[in-house]
Amino acid sequence: MKKFVAVAMSGGVDSSVAAALLKKQGHEVIGLTMCFNLAEKDGRRPSCCGLTGIEDARRVCQKLGIRHYVINLDKDFKRDVIEDFYQEYLNGRTPNPCVRCNQFIKFGILLKKSLNLGAQFLATGHYAKIVESKQGYFLKKAKDLKKDQSYFLYRLNQTQLKKIIFPLGNFTKLRIREMAKDFGLNVAEKKDSQEICFLPDGKPGDLIKSRDLKKVKPGQIVDKQGNLLGEHKGMPFYTIGQRHGIGVAKAYPLYVSQMDVKNNQIVVGKRKDVYKKGFIIKERHFLGKPFKKKIEIKVRIRYNHKEMPAIVSLDKKGFKVIFKTPQFAITPGQSAVFYDKDIVLGGGIIQKVID
């Protein structure tokens, strides 16, 4: 059945092929590119959501013979993504802006604008799958596990899943690049974006400091016994598990094991000190029915972390996750995502680490 699909197009190879595939399948397709007015830095523009990405997306749409629209979501992006990023780093946490962008921008505001334009669905170039069943819609891992992005999508709900299409879920990245060449797309060889779109140099600390120098204060670097080892540049320049760039040295490698915001201290120790058994989450979210009792599932604590077995339970302090074996660098601010094999059950934001 022919569908009217709006495709979120960043100007990259993935979203371009998503649009080409849907057009080839006979659907009515339009391209939507979000513009965030992201500033140029040292001659570098962000690979998506900036002028270069917009121009690449426009050329692809022209090649495919589909309409292309640019939608300015600058105020929304700064409010819902960058401001949260800023506040979290000031408070010694390490947020994941891609999770919030998916929740509030792509599948929040952009999805609504797509439907207002008359589209029945919004498609993106994410590597993930949506499967319909009698119980509702399931979010599942992509075929290409190296590119799987289900982790970043765990905050979607049933209403959103019903209106979303992920055309790339059953393909590998290698096959997508081959198809881009077959379609004659100018972005076939374009490199994947490796950095956060509003951080072309990949340094959160510099962004936070540039916004408010007075709030980024130097402080003490101490060991777990409280012994003074040196001075840190400010909380936003560090994260749990960090080894390089700490600024102090011992006879053995040092890692950031704790961010003591109250005392403005960075606590460092040996690698073994960074392994913790669990955590409490906040802002919990489930794609289907929430857990009502203690359950054993697999939990991923960051994008490049292999999900591991854990006991998840609800107590007076909140939703508690205890791993069967301690995990390295459990980091407040990051998302913890629950999996049942290849199905995403939900997750939440890591709030407090349990030793």
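Now for a description of the structure that goes with this document.

### A look at the overall build of the chain
So, step 1. When helices and strands are counted, the chain shows seven helices and 17 strands.
So, step 2. A principal-axis box enclosing the C-alpha atoms of the chain has dimensions of 65 × 50 × 35 Å.
So, step 3. Buried positions account for 53% of the 355 residues belonging to the chain.
So, step 4. Put simply, of all contacts in the chain between residues at least 6 apart along the chain, 65% involve residues at least 24 apart.
So, step 5. Carbon and sulfur atoms provide 50% of the accessible area of the chain, an area that totals close to 17900 Å².

### A few points about the layout of surface pockets
So, step 1. If you add up the space inside the second largest pocket, you get close to 500 Å³.
So, step 2. Lining the second largest pocket are 22 residues, and of these Ser-257, Gln-258, Met-259, Pro-332 and Val-353 lie nearest its centre.
So, step 3. Within the residue set of the lining of the second largest pocket, elements represented by two or more residues are β10 (255-260) and β17 (343-354).
So, step 4. Per-element tally for the lining of the second largest pocket: the top contributor is β10, with four residues.
So, step 5. A per-class count over the lining of the second largest pocket returns nine nonpolar, five polar and eight charged.

### What to know about the nonpolar core
So, step 1. Phe-77, Ile-105, Phe-166, Phe-198, Val-256 and Ile-266 are the most contacted members of the largest nonpolar core, which has 62 residues in total.
So, step 2. Excluding anything up to four places from it in sequence, Ile-105 contacts Met-34, Phe-36, Leu-73, Asp-76, Phe-77, Asp-80, Val-81, Arg-100 and Leu-110.
So, step 3. Within the second largest apolar cluster, 28 residues are counted, among which are Val-13, Val-60, Ile-66 and Ile-165.

### A few points about the packing of aromatic side chains
So, step 1. Applying the stated rule across the entire model yields 15 aromatic pairs.
So, step 2. Seen from their ring centres, Phe-291 and Phe-319 are 6.2 Å apart, and the 35° between their planes marks the pair as tilted. Taken together, the residues span a long stretch of sequence, with Phe-291 in the loop between β12 (275-286) and β13 (295-300) and Phe-319 in strand β15 (residues 318-328) at a distance of 28 residues. Like Phe-291, the residue Phe-319 is buried in the burial classification.
So, step 3. Grouped by ring-pair contacts, the aromatic residues Phe-286, Phe-291, Phe-319 and Phe-338 constitute a single cluster.
So, step 4. One residue, Lys-141, lies across the ring of Tyr-339, its end atom 4.9 Å from the ring centre.

### Comments concerning the sheet that holds strand β7 (residues 164-165)
So, step 1. If you walk across this open sheet you meet the five strands as β3-β2-β1-β4-β7, and the pairing is parallel. Both edges of this open sheet fall to β3 (67-72) and β7, since each of them pairs with a single strand only.
So, step 2. The sheet contact formed by strand β2 (residues 28-35) and β3 spans six bridges and is parallel. Within β3, the position partnered with Leu-32 by the bridge is Tyr-69.

### Describing the environment of Gly-65
So, step 1. By the element assignment, Gly-65 lies in the loop between α2 (51-64) and β3.
So, step 2. Given the relative accessible area of 62%, Gly-65 is considered exposed.
So, step 3. Gly-65 sits 42 residues away from Lys-23 along the chain, and the two C-alpha atoms are 9.2 Å apart.

### Digging into the sheet that holds strand β8 (residues 219-223)
So, step 1. Spatial ordering of the open sheet is given by β9-β8-β11-β10, a layout of four strands whose pairing is mixed. Here the strands that pair on one side only, and so sit at the sheet edges, are β9 (228-232) and β10. Neighbour to neighbour, the strand axes of the sheet diverge by 30° on average, direction disregarded.
So, step 2. Where β10 and strand β11 (residues 265-269) come together, five bridges link them in antiparallel fashion. The partner of Gln-258 across the bridge, within β11, is Val-267.

Rules behind the numbers
- Sequence order as written defines residue numbering, which begins from 1 separately in each chain.
- Local features in a predicted model are, by the rule used here, given only for residues with pLDDT of at least 70; side-chain atom pairs are given and counted only at 80 or more, and totals for whole chains, interfaces and linings are based on all residues.
- Note: side-chain values were computed over all heavy atoms of the structure, leaving out hydrogens and water.
- Runs of E in the DSSP output that reach at least two residues are strands. Runs of H or I that reach at least four are helices, and both are numbered from the N terminus.
- Buried means the residue's accessible area, taken with a 1.4 Å probe over protein chains only, is under 20% of the maximum for its type, while exposed means over 50%, and partly exposed covers the values in between.
- Contact definition: two residues touch when any of their heavy atoms are within 4.5 Å.
- Only the protein chains shown count as cover for residues, and the accessible areas themselves come from Shrake-Rupley with a 1.4 Å probe.
- Think of a 1 Å grid over just the protein atoms. A cavity is a set of points where a 1.4 Å probe fits yet cannot get out, a pocket is an open set with protein on both sides within 12 Å along at least five of seven lines, and lining residues have an atom within 4 Å of a point.
- Grid points are joined across faces, edges and corners, and a volume is the space filled by probe spheres set on the points.
- Charged residues are taken to be Asp, Glu, Lys and Arg, nonpolar residues to be Ala, Val, Leu, Ile, Met, Phe, Trp, Tyr, Cys and Pro, and polar residues to be all remaining types, Gly included.
- Grouping buried Ala, Val, Leu, Ile, Met, Phe, Trp, Tyr and Cys residues that are joined through side-chain atoms within 4.5 Å yields what is termed a nonpolar core.
- Any pair of Phe, Tyr and Trp rings, taking the six-membered ring for Trp, is counted once the centres come within 6.5 Å. Such a pair is stacked with planes under 30 degrees apart, edge-to-face with planes over 60 apart, and tilted for the rest.
- For a lysine, the NZ atom is tested; for an arginine, the CZ atom; a charge sits over a ring if that atom is within 6 Å of the ring centre and within 35 degrees of the ring normal.
- Any two strands with at least two DSSP bridges between them are considered paired.
- Between the N-to-C directions of two axes lies an angle of 0 to 180 degrees, each axis being a line fitted to C-alpha atoms and, for a helix, fitted only over the stretch in contact.

By themselves these figures say nothing about function.
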